[in-house]
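If you want the building blocks of each chain, they are given just below.
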Amino acid sequence: MDNKIQAVLDLFEELNKVPRQSKHEEKISAWLVEWAEKHGLKAERDESMNVLIKAPATPGYEDKPTVVIQGHMDMVCEKIAGSSHDFSKDPIKCIVDGEWLKADGTTLGADDGIALAMGLLLATDKDVVHPPLELLFTIDEETGLTGANTLKPGWLSGKILLNIDTEDEGVFTIGCAGGRDTKIELEYSPVEVPADDKVYEIRAWGLSGGHSGVDINLPRGNSNIIVARLLDEAARNAETKLVYIEGGSAHNAIPRETKAVISTDKDVAAVLGALREKIIGEIGYAEPNMKIDITPVTNNYRNELNTKDTNKLIGIMMAMPHGVAAMSKDIEGLPETSNNFATIKMTMPASKGGLLRNETGKVSILSSQRSSVESRLDWISRKIEAIAVAAGAKTATSDGYPSWEPNMDSPLNKKCVEIYTRLFGNEPKVEIIHAGLECGIIGSKNEGMDMVSFGPTIKNPHTPDERLEIATVGKVWTFCVELLKELSK
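Because the structure is a prediction, the values reported are computed rather than measured.

The rules behind these values
Residues numbered from 1 in each chain as written. Predicted model: local features only at pLDDT ≥ 70, side-chain atom pairs only at ≥ 80, totals over all residues. Heavy atoms only, no water. Helix = DSSP H or I, 4+ residues; strand = E, 2+ residues; numbered from the N terminus. Expected span 1.5 Å × (residues − 1). Buried < 20%, exposed > 50% of the residue type's maximum accessible area, 1.4 Å probe, protein only. Polar contact = N/O pair within 3.5 Å; in protein donor to acceptor, adjacent residues only side chain to side chain. 1 Å grid on protein atoms, 1.4 Å probe; cavity = no way out; pocket = protein on both sides within 12 Å on 5 of 7 lines; lining within 4 Å. Points joined across faces, edges and corners; volume = space filled by probe spheres on them. Nonpolar A, V, L, I, M, F, W, Y, C, P; charged D, E, K, R; others polar. Salt bridge = Lys/Arg side-chain N within 4 Å of Asp/Glu carboxyl O.

With 15 residues, helix H5 (residues 223-237) should cover 21 Å at 1.5 Å per step; its first-to-last C-alpha distance of 22 Å lies within 8% of that length. Taken together, the buried positions of H5 are Ser223, Asn224, Ile226, Val227, Ala228, Leu230, Leu231, Asp232 and Ala234. The residue sitting at the N-terminus of H5 and contributing the capping side-chain oxygen is Asn222; that oxygen lies 2.8 Å from the backbone nitrogen of Asn224.

So this is what it looks like as structure tokens:
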């Protein structure tokens, strides 16, 4: 393996020893500051724990325009069923599997730890010729782009930004969709589970999942929707009440696993089994590892939603849109507007102990909307709100983040295309993506910023199947070195 590739991967493995779950970036933020100071670089942290590291130019290039290298320090934390991995303290174990780097039953964190490793080494490698550099590493990109949203205008001096957060090597991204999240809350007062009711555990699991922007147009199942259909079928054939439900893990991950417990006044095993086979027939070709379990269990639960509230919740789940709502009229094959039915969780789980009295629980649903057209983003967000309000639930939609409008005449993009073609003998693809990138927010806070996003190839991000193609790390490194040299002229 090339020494430079090995150096990037070695530092990436060091980073993977530091916990960096979204919204829990205290340790990685401090680690970055310590690493910078140890290597003689000036480092700053803002109130949100975003980190800005400044590296002086190679001698002789001090008067050249400053270049910003940017990535996010947090990662989506997903693991396989049965894993005991604790993301708050356990290191991510990196495994070389042929031409790929993967993790041991968890997400790898190459999204976007590879940007941190590459940026730090570009700033400290004596063989790299570069102008003044600013390394901007933000928090909480994965659950709301919080770090980018809290950046103060003027913190950056550079007007050229290289965002290393795109997952297909040989592709330069120059625009992205905007997005918002909507939280739905349905309150309920627990009632007692009838002693003679039948109780079933319903579980959909083993689905592919994936990124809710990049993968939303693929024929993948959503475990929340599968369980919603099974709950609806039970309610059509018996008096059904919900005891427990939890599904999905993050706003930007397509749900891979959902579990529910219901009680019914009749035996519904046969009708649920029949629907299970129909669902497998519909999407089994795209989800070969999908499992749908319908298991009768002992009735030792005490608390549940009443029939009316259960039906309200089932109605919301059945009406909740998921997938592509509109395709781009300008770019063939690009989703314009979409929604991810992301998570559902009972925030006061039903107890197996004594009956809960005079207490109010709630079931929370999170959906994530994206669009490159502001009016369409308004429409789908309001549609979701209307579904919830019609069922008597409360809603709250975030301000979200803006789209990144592409600049087709970008000098930076033209230079990137020229350099890539010269280095590798083929032209890269230039695209706009249906996913959220921090460039839109950063650009809105720093007028005149010329930006491009790229990165090595990462497959199945946001899932335990995430893997990084090692050879593409070398290509991105070589490209970055040449680009920085060109920007020093």
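So, about the layout of surface pockets. In this structure, the second largest pocket spans a volume of roughly 580 Å³. Residue lining of the second largest pocket: 34 residues in total, with Val214, Glu431, Ile433, His434 and Ala435 positioned closest to the centre. The biggest single contributor to the lining of the second largest pocket is strand S20 (residues 429-433), with five residues. Here the residues of the lining of the second largest pocket sort into 12 nonpolar, 11 polar and 11 charged.

A few words now on the pattern of salt bridges. Two side chains bearing opposite charge may form a pair once their charged atoms approach each other closely. The full count for this structure, using the stated rule, is 31 salt bridges. In this structure, the salt-bridge partner of Glu169 is Lys475, at a minimum N-O distance of 3.4 Å. Of this pair, Glu169 sits in the loop between strand S7 (160-163) and strand S8 (171-176) while Lys475 sits in helix H11 (residues 470-487), and the two are 306 residues apart along the sequence. Look at Glu169 and you get buried, because its relative accessible area is 16%. Where Lys241 meets Glu304, a salt bridge forms, and the shortest distance between an N and an O atom there is 4.0 Å. Of this pair, Lys241 sits in strand S12 (residues 240-247) while Glu304 sits in strand S15 (residues 303-304); the two residues are 63 residues apart in sequence, bridging distant segments of the chain.

A few words on unusual backbone geometry. For the bond from Asp111 to Asp112, the omega torsion is 10°, close enough to zero to count as cis. In this structure, Met49 takes a positive phi of about 80° despite not being glycine. Within the secondary structure layout, Met49 lies in the loop between strand S1 (42-45) and strand S2 (51-55). The backbone of His462 shows a phi angle near 70°, a positive value even though the residue is not glycine. Assignment of secondary structure puts His462 in the loop between strand S22 (458-459) and strand S23 (467-469). By relative accessible area, His462 is classed as buried at 3%.

In short, the description is geometric, and any link to function would need to be established separately.
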